[in-house]
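What the coordinates show
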Amino acid sequence: LAVARRVEARTSTLEVRLLLKGAQARFLAGEAESAAGMLAEVERVCAQPEHTDVPGLLRALRGNAGLHARAGRSQAAVQLLTAGVELCRRRSPRGSGDTVLLLEELGIVHLGAGDRAAALASFREALRGLEALPSPTPEALQRLRQRVESMASGK
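Residues numbered from 1 in each chain as written. Predicted model: local features only at pLDDT ≥ 70, side-chain atom pairs only at ≥ 80, totals over all residues. Heavy atoms only, no water.

1. Structural notes on the overall build of the protein
A tally of regular secondary structure across the protein gives seven helices and zero strands. For the protein, the sequential pattern of α-helices and β-strands runs α-α-α-α-α-α-α. A total of 155 residues make up the protein; the buried ones form 39% of that total. Taking contacts inside the protein between residues at least 6 apart in sequence as the whole, the part at least 24 apart equals 53%. Element-wise, carbon and sulfur atoms account for 56% of the exposed surface of the protein, whose accessible area totals about 8900 Å². (Helix = DSSP H or I, 4+ residues; strand = E, 2+ residues; numbered from the N terminus. Buried < 20%, exposed > 50% of the residue type's maximum accessible area, 1.4 Å probe, protein only. Contact = heavy atoms within 4.5 Å. Areas by Shrake-Rupley, 256 points an atom, 1.4 Å probe, with all protein chains shown as cover.)

2. Section: the packing of helix 6 (residues 116-132) against helix 7 (residues 138-152)
Packing of helix 6 against helix 7 brings their axes to within 9 Å, and their N-to-C directions diverge by 150°. Compared by their axis directions, helix 6 and helix 7 come out roughly antiparallel. As for the relative orientation of helix 6 and helix 7, their crossing is left-handed in sense. Of the residues in helix 7, those in contact with R116, A119, L120, F123, R124, A126, L127, L130 and E131 of helix 6 are A140, L141, L144, R145, R147, V148, M151 and A152. Across the contact of helix 6 with helix 7, the residue classes tally to 12 nonpolar, no polar and five charged. (Axes fitted to C-alpha atoms, helices over the stretch in contact; angles between N-to-C directions. Parallel < 35°, antiparallel > 145°, perpendicular 65-115°, else oblique. Left-handed = near helix turned anticlockwise from the far one by under 90°. Nonpolar A, V, L, I, M, F, W, Y, C, P; charged D, E, K, R; others polar.)

3. Let's talk about helix 7
The first and last C-alpha atoms of helix 7 sit 21 Å apart over 15 residues, in line with the 21 Å expected at 1.5 Å per residue. Burial in helix 7 covers these residues: A140, L141, L144, V148 and M151. What you see down the axis of helix 7 is that its buried residues fit within an arc of 115°, all on one side. Away from its buried face by more than 90 degrees, helix 7 exposes P138, E139 and E149. Where the residues of helix 7 are buried, they touch helix 5 (97-112) and helix 6. Looking one or two places after helix 7, you find G154, whose phi comes out positive at around 90°. (Expected span 1.5 Å × (residues − 1). Arc of directions from axis to C-beta.)

4. Some words on the environment of G114
You can see G114 is positioned in the loop between helix 5 and helix 6. Overall, the relative accessible area of 58% leaves G114 in the exposed class. When the C-alpha positions of G114 and S74 are compared, they lie 10.0 Å apart, and in sequence the two are 40 residues distant.

5. Quick look at the confidence of the model for the protein
Of the residues in the protein, 81% reach a pLDDT of 70 or more, and the chain-wide mean stands at 80. Model confidence for the protein, summarised as mean pLDDT per element, is weakest for helix 1 (residues 2-28) at 61 and strongest for helix 6 at 95. pLDDT under 50 marks residues 1-9. Its contacts with residues more than four places away, or in other chains, come to three contacts. (pLDDT = per-residue confidence, 0-100.)

6. Some words on helix 4 (residues 74-91)
Between its first and last C-alpha, helix 4 extends 26 Å over 18 residues, near the 26 Å set by a 1.5 Å rise per residue. Of all the positions in helix 4, only A77, V78, L80, L81, G84, V85, L87 and C88 are classed as buried.

7. Structural notes on the nonpolar core
In this structure, L58, L81, V100, L102, F123, L130 and L144 are the most contacted members of the largest nonpolar core, which totals 28 residues. Within the residue set of this core, elements represented by two or more residues are helix 3 (54-70), helix 4, helix 5, helix 6 and helix 7. In terms of residue count, the dominant contributor to this core is helix 4 (seven residues). In this structure, L130 is in contact with V100, P136, A140, L141 and L144, ignoring residues within four places of it in sequence. (Core = buried A, V, L, I, M, F, W, Y, C linked by side-chain atoms within 4.5 Å.)

In structure tokens, the structure reads:
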């Protein structure tokens, strides 16, 4: 049974990667409806309980969110990134680099949708998460601090 579950997880991860590549190709070719159908299938596969490849799932969520955001569907992108943040928090309640990355991307999506308050909240949360990590990179800290300070001052 354990072997069967690992095979199912690997199969679903491969399926997710293939679907994402196909969706990206279709999106770039201007076939937004076809890409959206493939993204819905990715979301279905990722939601299955046997899908245990969390890094693969996070890549899928980020990839889908990026495609939704570029297609002007910011609410769908927000939902996917929020689901990723919740998954990361369940997996590592004290925080992780994945959580910080997803929160920063969430802020970017909010900003692109014109929701500065939500963007600032996401960036602040990402900064707090980054500061809580054992050894954050100085560049990442500086980038997020500048973004938060700039937005907080209304720039």
